[in-house]
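# Reading the structure
Given next are the chains, with one letter for each unit.
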2 protein chains.
Amino acid sequence: MFSTASNPKVAIAAMAAMKPQLATMDELFSTSPRETLEMGEGLFWEGDRAQHIFEITEGVLRIFKIIADGRRVITGFLYAGDMVGLSLKNVYLYSAEAVTPVKVRRLTRKAFQDAIENSPELRPQLFSLMCDEMAAAQDQMVLLSRKSAEERLCSFLMMLGQRQSGQTQMPKTIQLAMSRQDMADYLGLTIETVSRTVTKLIQRGIITPNGRHAFDLTKPGKLLALCGDGDSYEDVGDPAVKTRQAVWPH
Amino acid sequence: MFSTASNPKVAIAAMAAMKPQLATMDELFSTSPRETLEMGEGLFWEGDRAQHIFEITEGVLRIFKIIADGRRVITGFLYAGDMVGLSLKNVYLYSAEAVTPVKVRRLTRKAFQDAIENSPELRPQLFSLMCDEMAAAQDQMVLLSRKSAEERLCSFLMMLGQRQSGQTQMPKTIQLAMSRQDMADYLGLTIETVSRTVTKLIQRGIITPNGRHAFDLTKPGKLLALCGDGDSYEDVGDPAVKTRQAVWPH
DNA sequence: CGCGATCTTGATATGCGTCAACTGCGGTGG
DNA sequence: CCACCGCAGTTGACGCATATCAAGATCGCG
């Protein structure tokens, strides 16, 4: 249902019809000035009046909640092309901070709403983004619910790898934009457990450190097998791994 | 942004304009026959070709994924008025089964898509539902990431209570439609831990069993305090805490 | 009344959290 | 240019919450 945002047919159809309407989310934000955030700077806070929608054009953002005793739960990382601030509440339901230097463009909620309502091209794209976000949230629930520390970390590295390679094969180097503490808060672990688990993967030769914030993938097949995403025939796992790649091109 | 699904103004405006278009999701499905599912029966499975969208008119559905070693993660429970099957993938990303006897109505994806595209009344309602689902998913991530067994169970009971009372005050009895195993798979615990934690709450007089699948709320205030959702008067942080309460009408 | 399914309770194991010390790197100032 | 400082990350020792394994207990149903 609904064409996906990445489907080029959407844009082509719009051009053919010579519509003056906006055809991509990026165009929608194109009239807004870019704003920059320094590393660690906040974009908005949970509970703030939600007046704007933001499009990230560069960098990495973390969105998180703080609970009772002050602990932080990072519910997601957002990258160039993602939007943040979508909600129908009058306040933001989470906080957003720059992990790296970030560039964003903003639109008022009203302007955004009007554009969406008036553009049959944009609506499916928004729907698509929301569905992807929902699917990611469910995968994260599986991770937090049942995966071991090792499975969590491997899943996370795979996710980063896939993002960096743009859906093609795994890159040979994975860049980590975030700190160990960020990883811990995203994976539902402590910083110590993340550190120990990384060390174990290195000792097993599955990844090799490449500076403090990057790893080389020395055994990508093993990494995938350790994700705990099933279809594994237990210890063996290599042919099964291929199957999954075919079935879930994600 | 966008009126919420529960905002009566939407329907009133539509009537005033005498539009022939569908004004509520329920009307959208009203031409489809009701289908019934027995307790435990499946509606669709993860990986099935996703051909339909379903509206639940009665009963409770669980949606879940099965991972590697056969363990099950329930990512949500759905109730009358909810829709299930929304996605832009060609296959369902999770399975759906009846927890209680369930009645549903179905629409093909195409019919649903067309209706949404043609109805300015329906679109904000769909958007609203998706936003609520996203907010619930994030709350669940917080629960799974950082809450103790007791906090998880109390949060779950509060959620059930709020649903049953229709956003008003807590009801004095909470009905559990699901088994302990379902609760465990939803809360990221084992059935034994759920059972023990329930027993502890009973012994502390916070809840009182009322049959095997219902509890009376003897100390609703205590239950709320044990959710771990902050706003606790704990030891420190009082000014900050008050601020947060004001900001989160939740 | 008895059988199976669901739930509870108990004993033990373990993975991860906690607390604490240490390491190494990068920046800063003398 | 080097010495120092501070922070991010690592490593180690230990404890605890929850999982696991194993009996019972209770409920519903034939």
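Before any of the text, the structure's been laid out above.
Residues numbered from 1 in each chain as written. Chains lettered and ligands numbered in written order. Predicted model: local features only at pLDDT ≥ 70, side-chain atom pairs only at ≥ 80, totals over all residues. Heavy atoms only, no water.

Let's shift gears to the sheet that holds strand E2 (residues 42-44) of chain A. Across the sheet, 4 strands lie side by side as E2-E7-E4-E5 (chain A); this open sheet has antiparallel pairing. The two strands at the open ends of the sheet, each matched to only one other strand, are E2 and strand E5 (72-78) of chain A. Each neighbouring strand pair of the sheet contributes to a mean axis angle of 30 degrees, computed without reference to strand direction. As paired strands, strand E4 (residues 61-66) of chain A and strand E7 (residues 95-98) of chain A are joined by 4 bridges and run antiparallel to one another. When the sheet's bridge partners are listed, Phe64 of chain A is paired in E7 of chain A with Ser95 of chain A. Its contacts with the sheet put helix H6 (residues 180-187) of chain A on E4 and E5 of chain A, and the angle it makes with E5 of chain A is roughly 100 degrees. Docked against the sheet, helix H4 (residues 122-146) of chain B engages E4 and E5 of chain A, running at close to 130 degrees with respect to E5 of chain A. (Pairing = 2+ DSSP bridges. Helix = DSSP H or I, 4+ residues; strand = E, 2+ residues; numbered from the N terminus. Axes fitted to C-alpha atoms, helices over the stretch in contact; angles between N-to-C directions. Contact = heavy atoms within 4.5 Å.)

All right, on to the protein's contact with DNA strand D then. Near DNA strand D, the surroundings consist of 17 residues, among which Arg180, Arg196 and Thr199 of chain A together with Thr193 and Arg196 of chain B are the closest. Atoms of DNA strand D within 4 Å of the protein: sugar and phosphate make up 64%, bases the balance. At a separation of 2.7 Å, a base nitrogen of DNA strand D approaches a polar side-chain atom of Arg196 of chain A. Between DNA strand D and His213 of chain A, the relevant distance is 3.4 Å, taken from a phosphate oxygen to a side-chain nitrogen or oxygen of the residue. Sorting the residues of the surface near DNA strand D by element identifies helix H7 (191-203) of chain A together with helix H7 (191-203) of chain B as the ones contributing at least two each. Broken down by element, the residue count for the surface near DNA strand D peaks at 4 residues, all from H7 of chain A. Looking at the surface near DNA strand D, its residues break down into 2 nonpolar, 8 polar and 7 charged. (Near = heavy atom within 4 Å. Polar contact = N/O pair within 3.5 Å; in protein donor to acceptor, adjacent residues only side chain to side chain. Nonpolar A, V, L, I, M, F, W, Y, C, P; charged D, E, K, R; others polar.)

A separate point is the environment of Asp132 of chain A. Along the chain, Asp132 of chain A turns up in helix H4 (residues 122-146). Note on Asp132 of chain A: relative accessible area 33%, which makes it partly exposed. (Buried < 20%, exposed > 50% of the residue type's maximum accessible area, 1.4 Å probe, protein only.)

Residues and elements named next belong to chain B. Taking strand neighbours across the sheet as the criterion, the 3 strands line up as E9-E11-E10 in an open arrangement whose pairing is antiparallel. In this open sheet, the two edge strands, each paired with only one partner strand, are strand E9 (173-175) and strand E10 (207-209). Sheet twist, expressed as the mean angle between neighbouring strand axes with direction ignored, is 30 degrees. Where E10 meets strand E11 (residues 214-217), 3 bridges bridge the pair, whose relative direction is antiparallel.

Below, the discussion takes up the protein's contact with DNA strand C. If you check the shell around DNA strand C, you find 17 residues, and the closest are Thr193 and Arg196 of chain A together with Arg180, Arg196 and Thr199 of chain B. For DNA strand C, the backbone makes up 65% of the atoms found within 4 Å of the protein, where backbone means sugar plus phosphate. At a separation of 2.4 Å, a phosphate oxygen of DNA strand C approaches a polar side-chain atom of Thr193 of chain A. In the environment of DNA strand C, a phosphate oxygen lies 2.7 Å from a nitrogen or oxygen atom belonging to the side chain of Arg180 of chain B. Going through the elements one at a time, H7 of chain A together with H7 of chain B are the ones with two or more residues in the surface near DNA strand C. Broken down by element, the residue count for the surface near DNA strand C peaks at 4 residues, all from H7 of chain B. Considering only residue class, the surface near DNA strand C consists of 2 nonpolar, 8 polar and 7 charged.

Another point: the state of the cysteines. Linking two cysteines covalently through their sulfur atoms gives a disulfide. Counted by the stated rule, this structure contains 0 disulfides over all chains. Summary of cysteine pairing: Cys227 of chain A is not part of a disulfide, and the nearest cysteine sulfur, belonging to Cys154 of chain A, is at 5.8 Å. (Disulfide = S-S within 2.5 Å.)

Counting residues in each nonpolar core, the largest one holds 71 residues, and the members touching the most others are Phe77, Leu157 and Met178 of chain A together with Phe77, Leu157 and Met178 of chain B. Setting aside anything within four residues of it in sequence, one finds Leu157 of chain A in contact with Ile174, Leu176, Leu201, Ile207, Phe215 and Leu223 of chain A. (Core = buried A, V, L, I, M, F, W, Y, C linked by side-chain atoms within 4.5 Å.)

Turning next to the environment of Tyr79 of chain A. Residues and elements named next belong to chain A. Along the chain, Tyr79 falls in the loop between E5 and strand E6 (83-84). Judged by its relative accessible area of 13%, Tyr79 falls in the buried class. For the pair formed by Tyr79 and Arg163, sequence separation is 84 residues and the distance between their alpha carbons is 9.4 Å. Not counting residues up to four positions away in its chain, the partners in contact with Tyr79 are Ile56, Gly59, Val60, Leu160, Arg163 and Met178.

Here we take up the pattern of salt bridges. Counting across every chain of the model gives 30 salt bridges over all chains. The partner of Asp229 of chain B in a salt bridge is Lys147 of chain B, and the shortest N-O contact between them spans 2.7 Å. Taken together, the residues span a long stretch of sequence, with Asp229 of chain B in the loop between helix H8 (220-225) and helix H9 (238-247) and Lys147 of chain B in the loop between H4 and helix H5 (149-165) at a distance of 82 residues. Lys147 of chain B sits in the buried class, given a relative accessible area of 7%. Through salt bridges with shared partners, a single network forms among Arg62, Arg72, Glu97, Asp182 and Asp185 of chain A together with Arg146 of chain B. (Salt bridge = Lys/Arg side-chain N within 4 Å of Asp/Glu carboxyl O.)

Another point: the packing of H5 of chain B against helix H6 (residues 180-187) of chain B. Residue and element names in this part refer to chain B. At a minimum axis separation of 11 Å, H5 and H6 run at an interaxial angle of 110 degrees. When the axes of H5 and H6 are compared, the pair comes out roughly perpendicular. The crossing of H5 and H6 is right-handed. Along its contact with H5, which presents Arg152, Leu153, Phe156 and Met159, the element H6 presents Met183, Tyr186 and Leu187. Counted by class, the contact of H5 with H6 contains 6 nonpolar, no polar and 1 charged residues. (Parallel < 35°, antiparallel > 145°, perpendicular 65-115°, else oblique. Left-handed = near helix turned anticlockwise from the far one by under 90°.)

Below, the discussion takes up helix H3 (residues 109-118) of chain B. All names here are of chain B. If you check which residues of H3 are buried, you get Arg109, Phe112, Ala115 and Ile116. Mapping the buried residues of H3 onto a view down its axis gives an arc of 135 degrees, with all of them on the same face. Turned more than 90 degrees from where H3 packs its buried face, Lys110 and Asn118 sit exposed. Tucked inside the fold, the buried residues of H3 contact helix H2 (25-29), strand E3 (52-58), strand E6 (83-84), strand E8 (102-108) and H4. (Arc of directions from axis to C-beta.)

Facing the 51 residues of chain B at the interface are 53 residues of chain A. Counting each side, the surface lost to burial between chain B and chain A is near 5100 Å², with a carbon and sulfur contribution of 65%. Taken together, the links from chain B to chain A amount to 8 salt bridges. The set of elements that each furnish at least two residues to the side of chain B that touches chain A consists of strand E4 (61-66), strand E5 (72-78), H3, H4, H6 and H9 of chain B. In terms of residues, the side of chain B that touches chain A owes the most to one element, H4 of chain B, which gives 19 residues. A class-by-class count of the residues in the side of chain B that touches chain A yields 27 nonpolar, 10 polar and 14 charged. (Buried area = accessible area lost by both parts, 1.4 Å probe.)

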